[in-house]
Amino acid sequence: MNPSFSTESAWKIFEELTVNAHQTQQQVLQEILTQNLHTEYLSQFLSSDSDREDFKNNVPVVEYEDFRPYIQRIANGEPSDILLAETVTALTRSSGTSGGQQKMIPLTDREMDRRAFGRCLLSHVENKMHLHLRLLFSRPEIKTPSGFPTRPILTSIFMSKHFGQHESSLYTSPIATILCSDSKQSMYCQWLCGLLQRNEVVSVGSTFGSILVRGIKFLEDYWKELCSNIRTGQLSDWISDTGCRNALLTILRKPYPELADSIEDICNAKSWEGIIRKLWPGTKYIDATVTGSMVQYVPMLEFYCGDLPLVSKRYSSSECDLGINIKPLSNPCDTSYTFIPNMAYFEFLPIYEDGEEARNKKEESELVDLVNVKPGRFYEPVVTTFTGLYRYKMGDILKATGYHNNAPQFQFVRRKGVFLSVDMEKTTEDELGEAVKQANQFIGQFKLHVVDYTGAVDISSIPGHYVLFWELKMEGSSHVPELSPGTIEQCCGIVEESLSFVYRISRKGNGIGPLEIRVVKKGTFDELMDLFVSKGASVSQYKTPRCIRHEEALKTLNSGVVGRYFSQQFHVSTALKW
Ligand code: AMP
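This is a predicted model, so every value here is computed, not measured.

Before we move on, could you go through the side chain of Ser-203 and cite the residues and values that matter?
Mapped onto the elements of the fold, Ser-203 is located in strand 6 (residues 201–208). On the basis of relative accessibility, which here comes to 0%, the residue Ser-203 falls in the buried class. One polar contact links Ser-203 to His-132, side chain to side chain, over a distance of 2.7 Å. If sequence neighbours within four positions are ignored, Ser-203 has contacts with Leu-131, His-132, Leu-133, Arg-134, Thr-283 and Tyr-285.

Here it is in structure tokens:
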């Protein structure tokens, strides 16, 4: 696939692919099978004359752990054709983990071309004549014992020739600032470049909503220093990365006192409501994924960005690109992703209303093809990729919403299997998210917001109970908010009332103890991210885990606790809500 398409021709191809979604999927599977039938993995299930039917009947539907031994062998220097025929150029470090270890996914040159095609499609919504401010981050390459480079997929993309030649000129951040592996220096320089070019910027964003919120908090802490650099034309001494320093030489060429004055005027305002539009007056939209678990960042982004549309452009992963949002101005809660039929071979495991996946082998063999999904139903995507994953369960839950031509569209619902559990109760990520949203609305009247949150289970006393860690922010102030214990205790009650019927029954029967909120000091969730980043996670792909079991992470959170509050609710309602 030629990655250097114009966006118009990429769009034309996309239209053809979606019209011919079924044929495209057949070709994709045929190509993957022809190339890889002889691999050690596939030859366990298929012979040289196997066809699509044999694939469906014989190749098992599996999870990451089934591939880990093969990928580990490749990492240790064995030829990669144990899993796939194409040459593996690097191993992608995903933000997801399996069995507590980071997942690694093989990457090839052709896969990079495929993803470049996906990005060409997205440029269709981006005006190439203007500049876009994007906070983008990389992680250093780590070599496996046999010398294989491993890196997050976004780092591979930023390092690629295609990005350097065709895409980086769209952004205010010079490539050296994106590739700087010190995220603090990188963030500082990217804001500086964005501020220096503030009148040319037409959109502001990052990969995920959480990263943009984090970025704006950083701006609140550093705007005075940034203004001083702009006023004097001198970059702060603590920026020691030579790539960043050299890149800034071409942008911060001289003192810009008037620019510094106008930025200072804006940032000095009592409230930062709508700050993004004030700082970058030409901004037309915010580009950051806010679907799925990112939906909780919407209120904060709406506060900082005013009424600018929040655009979630893509559904993508380390495993493969999956879909794009062809109606970028849709409301985040209505955003659907149209699957791109030539990115991988897609099948779908139906998820039943109780959240259960297929219960037996027969149901698994009835995986639904891309063109046969039914709008209104829930599914987990099962992908067969060009990079050596065969019938691999992605772990995401999607809701089919309709079709574009013959390619289905899905809303992202949540990651599978992320839950808190005490007694018989299981609280899913989106149930917790919804409950926190209710409490967040309640504290909005006191000008408080939940900046970030996560959950854990405390079973040190009987019965066990849920603990929510909350970082709070007072509107228009960067100081630690004053809290009235009664308010947060009320929040505990609101969360409990919003949780499931099973939770409330368990709570009433004393199977679960009163819910606890531990308020943490400002910056605790940054420390949590730093911890995961120090273990290899990518800043650009980082998603706050909503359920913490990791001991070091719990220690980090507990060391930031400034107040503990328990639900005082003695009678949790057990009425069913419809
Ligand atoms: P990674 O492997 O680090 O690239 O993370 C991929 C995961 O991020 C996916 O499996 C999803 O769980 C999540 N993700 C990717 N795109 C979206 C999106 N548009 N909305 C919500 N979650 C997403």
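What follows continues from the structure just given.
Before we move on, can you summarise the nonpolar core with the specific residues and values?
Judged by nonpolar contacts, the single largest core of 73 residues is most densely connected at Ile-276 and Trp-280. Here this core gets 11 residues from one element, more than from any other, and that element is helix 11 (residues 209–232). Setting aside anything within four residues of it in sequence, one finds Ile-276 in contact with Val-204, Ile-216, Thr-283, Ile-286, Tyr-304, Cys-305 and Leu-308. Of all hydrophobic cores here, the second largest spans 58 residues; its members include Leu-46, Tyr-315, Leu-322 and Ala-344.

I'd like to hear about the sheet that holds strand 8 (residues 310–311), residue by residue, with values.
Sheet architecture is open: 4 strands sit in the order 3-6-7-8, paired in parallel fashion. The strands lining the two open edges of the sheet, one partner per strand, are strand 3 (131–135) and strand 8. The sheet contact formed by strand 6 and strand 7 (residues 285–289) spans 4 bridges and is parallel. If you follow Val-204 over to strand 7, its bridge partner there is Ile-286.

Give a description of helix 2 (residues 21–36) that names residues and reports values.
Taking 1.5 Å of rise per residue, 16 residues should cover 22 Å, and helix 2 covers 22 Å from first to last C-alpha, within 8% of that figure. For helix 2, every residue scored as buried is listed here: Ala-21, Thr-24, Gln-25, Val-28, Leu-29, Ile-32, Leu-33, Gln-35 and Asn-36.

Account for the site of the ligand, with residues named and values stated.
Residues in close proximity to the ligand total 16 residues, the closest being Ser-95, Thr-291, Arg-314, Ser-318 and Asp-396. Between the ligand and Arg-314 there is a distance of 2.8 Å, counted from a nitrogen atom to a backbone nitrogen or oxygen. When the ligand is considered free in solution it has 500 Å² of accessible area, and contact with the protein chains removes 93% of it. Per-element accounting of the shell around the ligand gives the leading share, 3 residues, to strand 9 (residues 314–316). Classifying every residue of the shell around the ligand by side-chain character gives 4 nonpolar, 8 polar and 4 charged.

The rules we used
- Residues numbered from 1 in each chain as written.
- Predicted model: local features only at pLDDT ≥ 70, side-chain atom pairs only at ≥ 80, totals over all residues.
- Heavy atoms only, no water.
- Helix = DSSP H or I, 4+ residues; strand = E, 2+ residues; numbered from the N terminus.
- Buried < 20%, exposed > 50% of the residue type's maximum accessible area, 1.4 Å probe, protein only.
- Polar contact = N/O pair within 3.5 Å; in protein donor to acceptor, adjacent residues only side chain to side chain.
- Contact = heavy atoms within 4.5 Å.
- Core = buried A, V, L, I, M, F, W, Y, C linked by side-chain atoms within 4.5 Å.
- Pairing = 2+ DSSP bridges.
- Expected span 1.5 Å × (residues − 1).
- Near = heavy atom within 4 Å.
- Areas by Shrake-Rupley, 256 points an atom, 1.4 Å probe, with all protein chains shown as cover.
- Nonpolar A, V, L, I, M, F, W, Y, C, P; charged D, E, K, R; others polar.

By themselves these figures say nothing about function.
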